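Next come the chains, spelled out residue by residue.
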Protein chains: 2
Amino acid sequence: MPAWRNLLDKSLVANQKLPYAKFFQLATVRRDGKPANRTVVFRGFFNGTDDLIFHCDNRSRKVDELAGNPHAEVAWYFPESREQYRIAGTVEIIGDSNPDPQLAKVRQEMWGQQSDGARAQYTWPQPREPRAADDAYRQPPPPAQAPPLDTFCVGVLRPTAVDYALYSSENDRVMFSKQGENWTELRVNT
Amino acid sequence: MPAWRNLLDKSLVANQKLPYAKFFQLATVRRDGKPANRTVVFRGFFNGTDDLIFHCDNRSRKVDELAGNPHAEVAWYFPESREQYRIAGTVEIIGDSNPDPQLAKVRQEMWGQQSDGARAQYTWPQPREPRAADDAYRQPPPPAQAPPLDTFCVGVLRPTAVDYALYSSENDRVMFSKQGENWTELRVNT
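Let me sum up the structure you'll find in this document.

Rules of the game
Residues numbered from 1 in each chain as written. Chains lettered and ligands numbered in written order. Predicted model: local features only at pLDDT ≥ 70, side-chain atom pairs only at ≥ 80, totals over all residues. Heavy atoms only, no water. Salt bridge = Lys/Arg side-chain N within 4 Å of Asp/Glu carboxyl O. Helix = DSSP H or I, 4+ residues; strand = E, 2+ residues; numbered from the N terminus. Buried < 20%, exposed > 50% of the residue type's maximum accessible area, 1.4 Å probe, protein only.

## So, the pattern of salt bridges
Thinking step 1. Counted according to the given criterion, the structure contains 37 salt bridges over all chains.
Thinking step 2. Taking the shortest distance from any N to any O, the salt bridge between R158 of chain B and D51 of chain B comes out at 3.4 Å. Of the two residues, R158 of chain B is situated in strand β6 (residues 152-166) and D51 of chain B in the loop between β2 (35-41) and β3 (52-57); the sequence distance between them amounts to 107 residues.
Thinking step 3. For R158 of chain B, a relative accessible area of 30% gives the class partly exposed.
Thinking step 4. Since its relative accessible area comes to 13%, D51 of chain B is described here as buried.
Thinking step 5. For D134 of chain B, the salt bridge goes to R138 of chain B, with nearest N and O atoms at 4.0 Å.
Thinking step 6. For D134 of chain B, a relative accessible area of 42% puts it in the partly exposed group.
Thinking step 7. Through salt bridges with shared partners, a single network forms among R30, R38 and E65 of chain A together with E73 and R86 of chain B.

Following this line, the structure appears as structure tokens:
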């Protein structure tokens, strides 16, 4: 397990009483070369790896942006411990047409683990179109056991660099970098 | 005042008991076309405008990235009210050599308003170099009244689009867009 992952696991524990400590900001690059940024919910690590999982809707712009440029950077700030992780890597989107049976299984599991309310969001009307009538937001939730709706995707961020900073009075910064299969680290000035 | 600014002012009040509600994440694009993302501190609006101010060190990578591509997007999540603002625009960095006297005055004011500890950070050793001895972090703070150290910069983000979302049970999303000098808005599906 890379050293940054040990740090991150500790930060998650130290901040677990804050529900929004599981939210991070995901930056991507738009088709026009401008940056995009939004808050997403951390859904755990992928199958015993250090890859970060989030859920998304295949109609969201981030899915299209990542198809054009798979690079992303997470900024994840933990208010309680005053730590920041910047996690750079590439994102794979696991959607309805993914041919890999192992990835399809993970997508099915993630679908089933959600609340009814969370699953219902994937029935909602086309994002960014003029607001539909309220009834369009009141479809019954699709069942957890059935195959996921085709709008439901799982994003998997595979880290290649992590920039860790501690902003308490004992400031600290460590940069981790993946070289082949190995991680190196360097303690640096903040 | 654009409608998004009224919303944002209300969010700042509703979340003011959380010190970190003044932190937002700023995405930029690196020279190699990959996204970058980090947490910065909101320092108010520029001189009666709706432009967002943050402080930065001219040795930080974001200053170089913004020189290559001035576009940025803020993701600003307010935990207490469960609102997100995505604020896209261009950033001007006001540094030591800025010829505009009005901008230089703002930079001087922002320098003077900081705590001793905050000003001392601009004496710290070169960021991202191998960690210096602790003494290098113990320079006396530069005076508030004197001209700012040349490492001190002020970033001014000029918004051109704002994507507002409310994630409570009454979900909502409004997209604001600047056309010339005027803002238009459209209520859309989340």
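## Regarding unusual backbone geometry
Thinking step 1. Unlike most non-glycine residues, R82 of chain A shows phi in positive territory, near 55°.
Thinking step 2. Topologically, R82 of chain A is positioned in the loop between β4 (71-78) and β5 (83-94).
Thinking step 3. Relative accessible area serves as the criterion here: at 43%, R82 of chain A is assigned to the partly exposed category.
Thinking step 4. We note that R128 of chain B has phi near 70°; this positive angle belongs to a residue other than glycine.
Thinking step 5. On the secondary structure map, R128 of chain B appears in the loop between α4 (116-120) and β6.

Note that all results are geometric; they support no functional claim without further evidence.
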